[in-house]
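Here's the letter readout for the chains.
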Amino acid sequence: YEANLGDKVSAGVSGTFTLTPATTFQSFSLTNGKFQFTFVGPPGSSCIIYGSTNSTHLLVWVPLLTNTPFNGTLDFVDPQSAQFPSRLYHATIFP
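Rules used throughout
Residues numbered from 1 in each chain as written. Predicted model: local features only at pLDDT ≥ 70, side-chain atom pairs only at ≥ 80, totals over all residues. Heavy atoms only, no water. Core = buried A, V, L, I, M, F, W, Y, C linked by side-chain atoms within 4.5 Å. Buried < 20%, exposed > 50% of the residue type's maximum accessible area, 1.4 Å probe, protein only. Helix = DSSP H or I, 4+ residues; strand = E, 2+ residues; numbered from the N terminus. Contact = heavy atoms within 4.5 Å. Pairing = 2+ DSSP bridges. Axes fitted to C-alpha atoms, helices over the stretch in contact; angles between N-to-C directions. Polar contact = N/O pair within 3.5 Å; in protein donor to acceptor, adjacent residues only side chain to side chain. Patch = residues over 30% accessible without salt bridge, like charges linked within 9 Å, V, L, I, M, F, W, Y side chains within 5 Å. Areas by Shrake-Rupley, 256 points an atom, 1.4 Å probe, with all protein chains shown as cover. Salt bridge = Lys/Arg side-chain N within 4 Å of Asp/Glu carboxyl O. Phe/Tyr/Trp six-rings, centres within 6.5 Å; stacked < 30°, edge-to-face > 60°.

(A) Expanded view of the nonpolar core. Counting seven residues, the largest nonpolar core is built from Phe 37, Phe 39, Cys 47, Ile 49, Phe 70, Leu 74 and Phe 76. Those elements that place two or more of their residues in this core are β2 (34–40), β3 (45–52) and β5 (73–78). Other than its neighbours up to four places away in sequence, Phe 70 contacts Phe 39, Gly 41, Pro 42, Pro 43, Gly 44, Ser 45, Ser 46, Cys 47 and Ile 93.

Printed below as a string of structure tokens:
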């Protein structure tokens, strides 16, 4: 779990958190002009993979893939990656 609170510090905050194993990017490559990567997450998870071509402080994320549950490993190929001079990726995992 990661949180950015900037310069604000909060005391006396309580709550319940469920920690799941971290998602791990295993590999990435550019093959035939297509960017692809593999990551590992908890078995039975679902994910959304987002892409952005805007690298300013106001990122605009567009869903590239909404995946039904996967069994711990997901291979993603972006067929549109050759159309952009650069692209950022973000994956959100749901238990």
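Following the structure, the description resumes.
(B) Structural detail: the sheet that holds β5. Strand order in the open sheet made by the three strands is β1-β2-β5, with antiparallel pairing throughout. Only two strands of the sheet have a single neighbouring strand rather than two, namely β1 (24–31) and β5. For this sheet the average axis-to-axis angle between neighbouring strands, irrespective of direction, equals 15 degrees. When β1 meets β2, the two strands line up antiparallel, connected through seven bridges. Looking at β2, one finds that Ser 29 is bridged to Gln 36.

(C) Up close: the side chain of Arg 87. Residue position: Arg 87 is located in the loop between β5 and β6 (88–94). The buried category is assigned to Arg 87, whose relative accessible area is 17%. Polar contacts involving the side chain of Arg 87 include one to the side chain of Asp 78, which spans 2.7 Å. Excluding residues that lie within four positions of it along the chain, Arg 87 makes contacts with Gly 51, Ser 52, Thr 53, Leu 64, Asp 78, Gln 80 and Ser 81.

(D) How the structure looks around a nonpolar patch on the surface. A cluster of nonpolar side chains, Leu 59, Trp 61 and Leu 88, forms an exposed patch at the surface whose accessible area comes to about 240 Å². Position of Leu 59 relative to the elements: it lies in the loop between β3 and β4 (62–70).

(E) Summary view of the packing of aromatic side chains. This structure, assessed with the given rule, holds eight aromatic pairs. Taking 6.3 Å as the distance between ring centres and 35 degrees as the angle between the ring planes, the aromatic pair formed by Phe 28 and Phe 35 counts as tilted. Seen in terms of ring centroids, Phe 37 and Tyr 89 are 5.8 Å apart; in terms of plane orientation they differ by 70 degrees. Their pairing is edge-to-face. In this pair, Phe 37 sits in strand β2 while Tyr 89 sits in strand β6, placing the two residues 52 residues apart along the sequence. The class for Phe 37 is buried, based on a relative accessible area of 4%. Pairwise contacts between aromatic rings join Phe 28, Phe 35, Phe 37, Phe 39, Phe 70, Phe 76 and Tyr 89 into one cluster.

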